[in-house]
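Working through the structure, step by step
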Amino acid sequence: MEKRRIIVDCDPGVDDAIALAYAAANQDKFQILGITAVSGNQSIEKVTRNALNVAEYFGLDVPVARGMEGPIVKEPLSAGEIHGENGLGQCEFPEAAGAVLEEHAVLFLYRTLKELPKGKKVTMIATGPLTNIAMLLKLFPKAKEKILEIIFMGGAVMGGNVTPSAEFNIYADPEAASIVFQSGIPLVMCGLDATLKCTLKRNQVMKLCQSGNPAAKICGDMAGFVLENTSAKYRGEVSIHDVVPWMYLLHPEIFTAKRTILSVECADGPARGTTICDLRWWDHDEEGLTSAVLLDADQEKFQEYLITALYELGETMKGKYKE
Ligand code: RIB
Ligand code: CA
């Protein structure tokens, strides 16, 4: 059976980096065509360098392109208080031997979609603000015909993490989210309702940190930074939000999903960046419900699949890097 073609758009970011490790552990199940970086957790310079170094370290031999330096309308945010000054929990990855593409990420996305074999489409996995994808859709409207679906980490049916009702990836660029939500492309929103359950507990993080496994240890160290330096320490667990879109692709059975129509508040004020998930299925024709939102996740299964994958990935890396 033909493997699903995937492009990753991300803002590494501790959980983006762990998601890239999980992707690398499962890369034989997909055709990963490239990684595009977008301003979000840290500056575009830092997230692009992080994407390149993390991808190479975990063995993802794919092109990496630098994307939008900030949101479509407002000034760039950053989440240094969560992800550290370097964006990776102050963990250092070896400098990649490869280089970032000269081509802008939005142009890379367009070219890659244009060069697809006739009738083939790409699944976008997005774990940062949706700025790159929104710009692609505005500059090249026909690009959406080549996108099978967008599985993204962002938003929530209920709650927020930047404000009481807005999640970071959407809050960082709600105008971009609105463009994507209105595109008609099938969407799967992996929001906080599910990702707050997709965590690593303190004891699990400690075991990863103490392992001699090159993938498990650095992911434990990154998760440990967030666990010890944010409100996660009071929960005794840290959400690994950005793994969820990948885990949904590989293990949809551990999630509860509902069909919905997505919209987002873009007006300035206390509700800016709030996602609105219309769950009134009875009010809409089936074909109008082109999107879904994850409402729940099996925490133990998430932890089992993620931890197993990190150790398996590390086994393939032993000997490549000094431990
Ligand atoms: O709200 C969590 C999301 O915001 C994650 O993607 C994290 O990396 C940050 O980008
Ligand atoms: Ca992210």
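Below is a short write-up of the structure. (Residues numbered from 1 in each chain as written. Chains lettered and ligands numbered in written order. Predicted model: local features only at pLDDT ≥ 70, side-chain atom pairs only at ≥ 80, totals over all residues. Heavy atoms only, no water.)

**Regarding the coordination of the calcium ion (ligand 2)**
Coordination of the calcium ion (ligand 2) by the protein comes from Asp11 (OD), Asp16 (OD), Asp16 (OD), Thr127 (O) and Asp242 (OD), over a distance range of 2.2 to 2.6 Å. Given a relative accessible area of 2%, Thr127 falls into the buried group. (Donors = N, O, S within 2.8 Å, 3.2 Å for Na, K, Ca; no water. Buried < 20%, exposed > 50% of the residue type's maximum accessible area, 1.4 Å probe, protein only.)

**Let's talk about the site of ligand 1**
Surveying the vicinity of ligand 1 reveals 13 residues, the closest of which are Asp15, Asn161, Glu167, Asn169 and Asp242. Within the side chain of Asn161, an N or O atom sits 2.8 Å from an oxygen atom of ligand 1. Take Asn169: an N or O atom from its side chain is 2.8 Å from an oxygen atom of ligand 1. Its free accessible area being 280 Å², ligand 1 has 97% of it covered by the protein chains. Listing elements by their share of the shell around ligand 1, those giving two or more residues are helix 1 (14-25) and helix 6 (168-172). Looking at the shell around ligand 1 residue by residue, the classes come out as 2 nonpolar, 6 polar and 5 charged. (Near = heavy atom within 4 Å. Polar contact = N/O pair within 3.5 Å; in protein donor to acceptor, adjacent residues only side chain to side chain. Areas by Shrake-Rupley, 256 points an atom, 1.4 Å probe, with all protein chains shown as cover. Helix = DSSP H or I, 4+ residues; strand = E, 2+ residues; numbered from the N terminus. Nonpolar A, V, L, I, M, F, W, Y, C, P; charged D, E, K, R; others polar.)

**Describing the environment of Glu145**
Among the secondary structure elements, Glu145 is positioned in the loop between helix 5 (131-139) and strand 5 (147-153). Glu145 gets classed as partly exposed once you look at its relative accessible area, which sits at 47%. Through-space distance from the C-alpha of Glu145 to that of Val47 is 28 Å; in sequence the pair is 98 residues apart.

**A look at the pattern of salt bridges**
Evaluation of the coordinates by the stated rule reveals 21 salt bridges. With its nearest N and O atoms 3.5 Å apart, the salt bridge here joins Glu2 to Arg5. Linking Lys142 and Glu145 is a salt bridge whose minimum nitrogen-to-oxygen distance equals 3.7 Å. Taken together, the shared-partner salt bridges connect Lys74, Glu175, Asp268 and Arg272 into one network. (Salt bridge = Lys/Arg side-chain N within 4 Å of Asp/Glu carboxyl O.)

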